[in-house]
Amino acid sequence: MNSALIIIDMQNDFCTGGALAVKDGEKIIKCINNAQKEFETIILTQDWHPQEHSSFASNHGAEPYTNIEMEYGSQILWPDHCVQGSTGANFHRDLNTNKSDLILRKGSNPKIDSYSAFFENDKNTTTGLEGYLIKKDIKQLYLCGLAFDYCVFYSALDGVELGFEVFVFQDLTKAIDLNNSKKIAKKSMIEKGIKLINFI
Ligand code: VGL
Ligand code: ZN
């Protein structure tokens, strides 16, 4: 009753053949669809960038996966991905999107990246999700989707910080694992009291 399933960025570009493919990204979809049967409130997030987005290496004449300093801190430059309206930005065709109550798009501001479902990377600009959850009296969040060490990780951190009890279905996520980011994310989540559990 007081819990929500938040499915992060289950989009073509993060699956095999996509612009920022997470290894075996699509393999979790069947189980995510099963998990949806257990929840009354289901939220989908969708990474949704304009072509001129500042997180794209192509907009800096730089190589993907290098770092730059932005006004809000360090930012990894990614290959162009999840461009608004593109096939890559669509949800993977196997994902059941019929049961979702809310589809939250993030990353539309060209100047600020947005990993978390709650705040943009400046840690200040809100997506409105906190208010939505509070109005629905949601206390527990169950997170899954892509990628474990980026958008799932930052959403989980903001979730606990905002006072929600946060669970991550580890077996319903996959990691990008750039510079040990998977291990770092896992350690950090445990330290913050985020509960890493398995769905199966
Ligand atoms: C993501 C990198 C860039 C994610 C989104 O969904 O984890 N990662 N944009
Ligand atoms: Zn992105």
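Everything that follows concerns the structure shown earlier in this document.
Residues numbered from 1 in each chain as written. Chains lettered and ligands numbered in written order. Predicted model: local features only at pLDDT ≥ 70, side-chain atom pairs only at ≥ 80, totals over all residues. Heavy atoms only, no water.

1. Let's talk about the site of ligand 1
The environment of ligand 1 is formed by Asp 9, Phe 14, Leu 20, Asp 47, Trp 78, His 81, Tyr 115, Leu 146, Ala 147, Tyr 150, Cys 151 and Ile 176. Between ligand 1 and Asp 9, the relevant distance is 2.7 Å, taken from an oxygen atom to a side-chain nitrogen or oxygen of the residue. Protein contacts shield 100% of the accessible area of ligand 1, which totals 260 Å² for the unbound molecule. Considering only residue class, the shell around ligand 1 consists of 9 nonpolar, 1 polar and 2 charged. (Near = heavy atom within 4 Å. Polar contact = N/O pair within 3.5 Å; in protein donor to acceptor, adjacent residues only side chain to side chain. Areas by Shrake-Rupley, 256 points an atom, 1.4 Å probe, with all protein chains shown as cover. Nonpolar A, V, L, I, M, F, W, Y, C, P; charged D, E, K, R; others polar.)

2. A word on the packing of aromatic side chains
Throughout the structure, instances matching the rule amount to 12 aromatic pairs. Pairing Trp 78 with Tyr 115 gives two aromatic rings, centres 6.4 Å apart and planes at 80°, and the pair type is edge-to-face. With a gap of 37 residues between them, Trp 78 in the loop between strand S4 (73-76) and strand S5 (102-106) and Tyr 115 in the loop between S5 and helix H2 (129-135) connect regions that are remote in the sequence. We classify Trp 78 as buried; its relative accessible area is 2%. With a centroid separation of 5.6 Å and an interplanar angle of 65°, the aromatic rings of Tyr 115 and Tyr 150 are classed as edge-to-face. Placement of the pair is Tyr 115 in the loop between S5 and H2 and Tyr 150 in helix H3 (residues 148-161), with a sequence separation of 35 residues. Linked through ring pairs, Tyr 65, Trp 78, Tyr 115, Tyr 150, Phe 153 and Tyr 154 together constitute an aromatic cluster. Cation over ring: Arg 105 sits above Trp 48, and NZ or CZ is 3.6 Å from the ring centre. Lying over the aromatic face of Phe 167, Lys 195 brings its terminal NZ or CZ to 5.5 Å of the ring centre. (Phe/Tyr/Trp six-rings, centres within 6.5 Å; stacked < 30°, edge-to-face > 60°. Helix = DSSP H or I, 4+ residues; strand = E, 2+ residues; numbered from the N terminus. Buried < 20%, exposed > 50% of the residue type's maximum accessible area, 1.4 Å probe, protein only. Lys NZ or Arg CZ within 6 Å of the ring centre and 35° of its normal.)

3. Some words on helix H1 (residues 29-36)
Of all the residues in H1, the buried ones are Ile 29, Ile 32, Asn 33, Ala 35 and Gln 36. What you see down the axis of H1 is that its buried residues fit within an arc of 160°, all on one side. Those residues of H1 hidden inside the fold are in contact with strand S1 (3-8), strand S2 (41-47), strand S6 (140-146) and strand S7 (165-174). (Arc of directions from axis to C-beta. Contact = heavy atoms within 4.5 Å.)

4. Considering the coordination of the zinc ion (ligand 2)
Taken together, Asp 47 (OD), His 49 (NE2) and His 81 (NE2) make up the full set of protein donors to the zinc ion (ligand 2), lying 2.0 to 2.2 Å away. Considering all 4 donor atoms around the zinc ion (ligand 2), angles at the metal cover 88 to 170° and the coordination shape is irregular. For the zinc ion (ligand 2), the single-chain donor residues occur in sequence as D-x1-H-x31-H. With a relative accessible area of 3%, Asp 47 lands in the buried category. Accessibility expressed as a relative area gives 0% for His 49, which makes it buried. (Donors = N, O, S within 2.8 Å, 3.2 Å for Na, K, Ca; no water. Tetrahedral: all angles 85-135°; square planar, octahedral: opposite > 155°, others 65-115°.)

5. With respect to the pairing of S7
In this sheet, S7 lies alongside S6 in parallel orientation, the contact comprising 6 bridges. Bridging across to S7, Gly 145 finds its partner in Thr 173. You can see the chain leave S6, run along H3 and come back into S7, and the turn it takes is right-handed. Two strands pair when backbone bridges link them, and S7 and strand S8 (residues 195-197) are joined in this way by 3 bridges, in the parallel orientation. Looking across to S8, one finds that Phe 169 is bridged to Ile 197. (Pairing = 2+ DSSP bridges. Right-handed = clockwise from strand over helix to strand, strands pointing away.)

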